[in-house]
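Next come the chains, spelled out residue by residue.
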Amino acid sequence: MAKKMIAYEEALAEIEAILGRIQREEITVDTLAREVRRATELIASCKERLLKAEAEVNKIVEGA
């Protein structure tokens, strides 16, 4: 099943929320791996979107 794509800004906000919970030590050992896995997925998604946007901008600039 395909995962629902969330907006870049939403992904970034979720990453920041996870990081905040880790820094404040609000995450238990039992949920740490799950939270880190989710953050890793979100970071990969954001990176992919940024690379795609960069390629599109370069294509536009080169065509101008």
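Structure: see above.
Just so it is clear, the model here is predicted, and its values are computed rather than measured. (Residues numbered from 1 in each chain as written. Predicted model: local features only at pLDDT ≥ 70, side-chain atom pairs only at ≥ 80, totals over all residues. Heavy atoms only, no water.)

## Topic: helix α2 (residues 29–63)
One turn of an α-helix holds 3.6 residues; hence residues three or four places apart share an orientation. The following threshold applies: Runs of H or I in DSSP of at least four residues are treated as helices and runs of E of at least two as strands, each being numbered from the N terminus. Here a helix's expected span is defined as the number of its residues, less one, multiplied by 1.5 Å. Exposure categories follow from relative accessible area, calculated using a 1.4 Å probe and restricted to protein chains: below 20% of the type maximum is buried, above 50% is exposed, and the middle band is partly exposed. A contact between two residues is defined here by any heavy atoms of the two lying within 4.5 Å.
Across its 35 residues, α2 extends 52 Å between first and last C-alpha, which sits within 8% of the 51 Å expected from 1.5 Å per residue. Where α2 is concerned, the buried positions are T31, E35, A39, L42, S45 and C46. Considering only its buried residues, α2 is in contact with α1 (8–23).

## Some points on unusual backbone geometry
For E25, which is not a glycine, the phi torsion comes out positive at approximately 60°. Classification of E25 by relative accessible area gives exposed; the value is 70%.

## As for the environment of I22
Locating I22 in the fold gives a position in helix α1. A relative accessible area of 34% means that I22 is categorised as partly exposed. Separated by 21 residues in the primary sequence, I22 and I43 place their C-alpha atoms 16 Å from one another. Each residue touching I22, except ones within four places of it in the same chain, is listed here: I27, L32 and V36.

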